[in-house]
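# Reading the structure
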Amino acid sequence: MTTPSLDLTADPIELTAQLVDIPSVSRDESVIADAVEQALRAQTVGFEVIRRGNCVLARTDRGRDSRVILAGHLDTVPIVDNVPSRRTDTAEEGDVLHGCGTVDMKSGDAVFLHLAATLDDPAHDITLIFYDCEEIAAEFNGLGTIERELPDWLVGDVAILGEPTAGLIEAGCQGTLRVRLTATGTRAHSARAWMGDNAIHKIGGLLQTLAAYEPRRVDIDGCEYREGLSAVAVHGGVAGNVVPDEVYVDVNFRFAPDRSPEQAFDHVRDVFAADLDSGAVSAEITDSAAGALPGLAHPAAAALVDAADGRFRAKYGWTDVSRFSALGIPAVNLGPGDPSLAHRVDERVPVEQITRVTAMLRAYLSR
């Protein structure tokens, strides 16, 4: 198959459309990786370019005093009749580019690729990381592969992840913890319910505790993070005529990045202490990921905030900035597109945001 041609010097709006028009559902990124690799080798100057699987990496070594990492994933969620891209200009929405990946996150990728090809004399050394399998289970994430196999490529003073933020800096990210709370009882025929011990009846207080929970708000580097503790699934019951002997509630805790996953679990245990201490309920962690501190006080990050005219906010949700934060690198999310439109059939991005993010990063990288 002929590798699609990308023009990195084209307007980033057009480059976004070119990327969207290359289908790249998770685990099927070879074609877009080929195109990105070919374009970087042919259309940039001063970059070392390497390929590892479907990850494409490039970096300069100009001896600058600081290094900025620009990272973006190449994969998308499954396509639903929303490729190829199309562009509309209406009174209601303005000039908008539609298509799978326009928001998450081929517009961010396009900005990074365009800047790599058109910045003549950047003030920082630059590392570009385009990786695969971000939209599926973490074990397949290409950035994790790079961290394990090519750790020297993740050395820098600040990292910018091109996730959609509507063109605002979203600093750090929340951590996430999933806990399974299980209640057990004794199975019996519902006609002789007194002979059993109904497990489902034991979670009433637990659910009331969740409904009354008041989330903590905490300010870190001028970013307000609001925590959330929610039941996300309840499973129980055997049959319509059986008193159930087990039920479990899956609880998701989105916590501010000043807590570790261990501290987050301690907090969840404190919230449900009455149920846990009585022995009515047990708790086990089923999944966890640390958050990322914003690190905006770091000089390289502060300069980025200046380039954004001081506009920033906390990131709600978890992103791969956490991987950089764990390495001691201040990291932010910054990209075109409304994150609430990611993964939708009608995914779309106002083209003005692509232009604005490009100008913002050009100014920052040129200082």
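What you are looking at is a predicted structure, and each value in this text was computed from that prediction instead of being measured.

Reading guide: rules and limits
- Residues numbered from 1 in each chain as written.
- Predicted model: local features only at pLDDT ≥ 70, side-chain atom pairs only at ≥ 80, totals over all residues.
- Heavy atoms only, no water.
- Helix = DSSP H or I, 4+ residues; strand = E, 2+ residues; numbered from the N terminus.
- Buried < 20%, exposed > 50% of the residue type's maximum accessible area, 1.4 Å probe, protein only.
- Contact = heavy atoms within 4.5 Å.
- Areas by Shrake-Rupley, 256 points an atom, 1.4 Å probe, with all protein chains shown as cover.
- Lys, Arg positive; Asp, Glu negative; His and termini not counted.
- Charge placed at Lys NZ, Arg CZ, Asp CG, Glu CD.
- Arc of directions from axis to C-beta.
- Pairing = 2+ DSSP bridges.
- Axes fitted to C-alpha atoms, helices over the stretch in contact; angles between N-to-C directions.
- Patch = residues over 30% accessible without salt bridge, like charges linked within 9 Å, V, L, I, M, F, W, Y side chains within 5 Å.
- Salt bridge = Lys/Arg side-chain N within 4 Å of Asp/Glu carboxyl O.
- Core = buried A, V, L, I, M, F, W, Y, C linked by side-chain atoms within 4.5 Å.
- Domains from an automatic or database assignment.
- Phe/Tyr/Trp six-rings, centres within 6.5 Å; stacked < 30°, edge-to-face > 60°.
- Lys NZ or Arg CZ within 6 Å of the ring centre and 35° of its normal.
- Buried area = accessible area lost by both parts, 1.4 Å probe.
- Polar contact = N/O pair within 3.5 Å; in protein donor to acceptor, adjacent residues only side chain to side chain.
- 1 Å grid on protein atoms, 1.4 Å probe; cavity = no way out; pocket = protein on both sides within 12 Å on 5 of 7 lines; lining within 4 Å.
- Points joined across faces, edges and corners; volume = space filled by probe spheres on them.
- Nonpolar A, V, L, I, M, F, W, Y, C, P; charged D, E, K, R; others polar.
- Parallel < 35°, antiparallel > 145°, perpendicular 65-115°, else oblique.
- Left-handed = near helix turned anticlockwise from the far one by under 90°.

## Some points on the overall build of the chain
- Within the chain, the regular secondary structure consists of 10 helices and 19 strands.
- Over its C-alpha atoms, taken along the principal directions, the chain stretches across nearly 80 × 45 × 45 Å.
- Counting over 367 residues, the chain shows a buried share of 52%.
- The long-range share in the chain, meaning contacts at least 24 apart out of those at least 6 apart in sequence, stands at 77%.
- Of the roughly 15,700 Å² of accessible surface on the chain, a fraction of 48% belongs to carbon and sulfur atoms.
- Of the side-chain charges in the chain, 32 are positive and 56 negative, and the distance between the mean point of each set is 2 Å.

## Considering helix H6 (residues 261–271)
- Residues of H6 that are buried: Pro 261, Ala 264, Phe 265, His 267 and Val 268. Projection of H6 onto a plane perpendicular to its axis shows the buried side chains occupying an angular sector of 155°, all on one side. Among the exposed residues of H6, those oriented more than 90 degrees off its buried face are Glu 262 and Asp 270.
- Looking at the buried positions of H6, the neighbouring elements they touch are strand E9 (175–184), strand E13 (228–236), strand E15 (246–255) and strand E16 (282–289).

## Some thoughts on the sheet that holds E9
- The four strands are arranged E13-E15-E9-E16 in an open sheet whose pairing can be described as antiparallel. Each edge of the open sheet carries a strand with a single partner, namely E13 and E16. With strand direction ignored, the average angle separating the axes of adjacent strands in the sheet is 20°.
- Bridging between E9 and E16 involves seven bridges; their strand directions are antiparallel. Counted as the bridge partner of Thr 182 is Ser 282 from E16.
- The sheet contacts of helix H5 (residues 204–212) involve E9, E13 and E15, and relative to E13 the element is tilted by about 155°.

## A few points about a negative patch on the surface
- On the surface, a cluster of negative charge is contributed by Asp 7, Asp 11, Glu 14 and Asp 21.
- Positionally, Asp 11 belongs in the segment before helix H1 (12–20).

## Considering the nonpolar core
- Counting residues in each nonpolar core, the largest one holds 62 residues, and the members touching the most others are Leu 6, Val 36, Leu 40, Leu 128, Ile 160, Leu 361 and Tyr 364.
- Tallying contributions element by element places helix H3 (residues 102–118) first for this core, with eight residues.
- Two domains each provide a minimum of three residues to this core, namely domain 1 (12–173 + 292–366) and domain 2 (175–289).
- Among all residues touching Val 36, those that are not within four sequence positions of it are Leu 6, Leu 19, Val 56, Leu 74, Leu 113 and Phe 130.
- Core analysis: the next-biggest nonpolar cluster, separate from the first, contains 21 residues, Val 179, Val 251, Phe 253 and Phe 272 among them.

## Here we look at the packing of aromatic side chains
- A full pass over the atoms with the stated rule returns one aromatic pair.
- Ring geometry for Phe 253 versus Phe 255: centroids 5.7 Å apart, planes at 40°, classification tilted. Like Phe 253, the residue Phe 255 is buried in the burial classification.
- For Arg 27, the ring lying beneath its charged end belongs to Phe 140, and the centroid distance is 4.2 Å.

## Let's talk about the domain arrangement of the chain
- Per the domain assignment, the segments making up the chain are domain 1 (12–173 + 292–366) and domain 2 (175–289).
- At the interface, 16 residues of domain 1 touch 13 residues of domain 2.
- Here domain 1 packs against domain 2, burying approximately 990 Å² in sum over the two surfaces, 62% of which is carbon and sulfur.
- For the domain 1 face of the interface with domain 2, the top three residues by lost area are Pro 294, Tyr 316 and Trp 318, together amounting to 41%.
- Between the two partners, domain 1 and domain 2, sit zero salt bridges.
- The interface formed by domain 1 and domain 2 holds five residue pairs in polar contact (both at pLDDT 80 or more) in total.

## Some details on the layout of surface pockets
- Approximately 670 Å³ is the volume found for the largest pocket.
- Along the wall of the largest pocket there are 28 residues; nearest its centre are Glu 134, Ala 289, Trp 318, Thr 319 and Asp 320.
- Of all the secondary-structure elements, those providing two or more residues to the lining of the largest pocket are E9, E16 and helix H9 (321–326).
- When grouped by side-chain class, the residues that make up the lining of the largest pocket number 11 nonpolar, seven polar and 10 charged.
- Looking at the lining of the largest pocket, you find at least three residues from each of domain 1 (12–173 + 292–366) and domain 2 (175–289).

## Re the packing of H3 against helix H10 (residues 351–366)
- Contact pair H3 / H10: the axes reach a minimum separation of 10 Å and the direction vectors enclose 40°. Considering the angle they form, H3 stands oblique to H10. Between H3 and H10 the crossing geometry is right-handed. In this structure, H3 uses Ser 107, Val 111, Phe 112, His 114, Leu 115 and Thr 118 to contact H10, whose residues at the interface are Ile 354, Val 357, Thr 358, Leu 361, Arg 362 and Leu 365.
- In terms of residue class, the contact of H3 with H10 is made up of seven nonpolar, four polar and one charged.

## Remarks on the environment of Ala 199
- Tracing the backbone through its elements, the reader meets Ala 199 in the loop between strand E10 (188–189) and H5.
- For the pair Ala 199 and Trp 318, spaced 119 residues apart in sequence, the C-alpha to C-alpha distance is 33 Å.
- Once residues lying within four places of it in the same chain are set aside, the contact partners of Ala 199 are Ala 183, Thr 184, Gly 185, Pro 244, Asp 245, Glu 246 and Val 247.

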